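Tertiary structure, described
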Amino acid sequence: MEVSLIFKIAAVGILVSVISQILKHSGREEHAFLTSLAGLILVLFWIVPYIYELFETIRDLFSL
Amino acid sequence: MDMIKVALIGMIGALLALELKGAKSEFSTYISLGACVVVLFYVVARLSGIVGQIAALSDYIVLEADYFGILLKMAGITYIAEFSGALCRDMGYTALALQIENFGKLTLLAVSCPVIVRLLELIGELT
């Protein structure tokens, strides 16, 4: 599951940059901004549980 | 075997991040964050093995238990401070990175204070 996390983020990144380019050229600036925001939230939605789980294991490991 | 996997993950993550830096720069930091998290999983897995063995080793060496705990705590604090500071510096916010690292150093000092006090007591007993 881990390596595919990086590929998923890359895929979302490429998708968002393509969509925002299209929206920019068709004159809708704010939609482009909204799509990149949605991409950001989606990526955060994936990464935050990983980071939380990681810091939990570190806390248990080092008995912080 | 794990070493090869970690190296590959790092390189793939760096290449993808580089490619996305042109089109959409904030996604390159997400990819580097994702790659860091994945590599850190491997690091933590390896580290827990080492800590387990050291704990088993400490049965032979009669050592006050909490020294080993303090050492571990300090290692953990430095590790997290370095990780988050470097990530902030990657994104270009060196001021924030310095704040995090300063707080890490202060916490280290706070954790190691009892050891210093005990050392001075020991010296007092000797003289």
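Residues numbered from 1 in each chain as written. Chains lettered and ligands numbered in written order. Predicted model: local features only at pLDDT ≥ 70, side-chain atom pairs only at ≥ 80, totals over all residues. Heavy atoms only, no water.

1. Focus: the domain arrangement of chain B
All names here are of chain B. Each assigned domain of chain B is listed here: domain 1 (1-62) and domain 2 (63-127). For domain 1 versus domain 2, the separation of C-alpha centres amounts to 22 Å. The interface is formed by ten residues belonging to domain 1 together with eight residues belonging to domain 2. Carbon and sulfur atoms supply 83% of the area that domain 1 and domain 2 bury against each other, a total of about 860 Å² over both sides. Linking domain 1 with domain 2 are zero salt bridges, by the criterion used here. (Domains from an automatic or database assignment. Contact = heavy atoms within 4.5 Å. Buried area = accessible area lost by both parts, 1.4 Å probe. Salt bridge = Lys/Arg side-chain N within 4 Å of Asp/Glu carboxyl O.)

2. As for the nonpolar core
By size, the foremost hydrophobic cluster in this structure holds 32 residues, and its most contacted members are Ile6, Ile9, Val43 and Leu54 of chain A together with Phe27, Ile31 and Val38 of chain B. Counting residues per element, the ones that place at least two in this core are helix H1 (2-25) and helix H2 (29-62) of chain A together with helix H1 (2-23), helix H2 (25-57) and helix H3 (65-90) of chain B. Top contributing element to this core by residue count: H2 of chain B, with twelve residues. In terms of domain composition, this core takes at least three residues from each of domain 1 (1-62) and domain 2 (63-127) of chain B. (Core = buried A, V, L, I, M, F, W, Y, C linked by side-chain atoms within 4.5 Å. Buried < 20%, exposed > 50% of the residue type's maximum accessible area, 1.4 Å probe, protein only. Helix = DSSP H or I, 4+ residues; strand = E, 2+ residues; numbered from the N terminus.)

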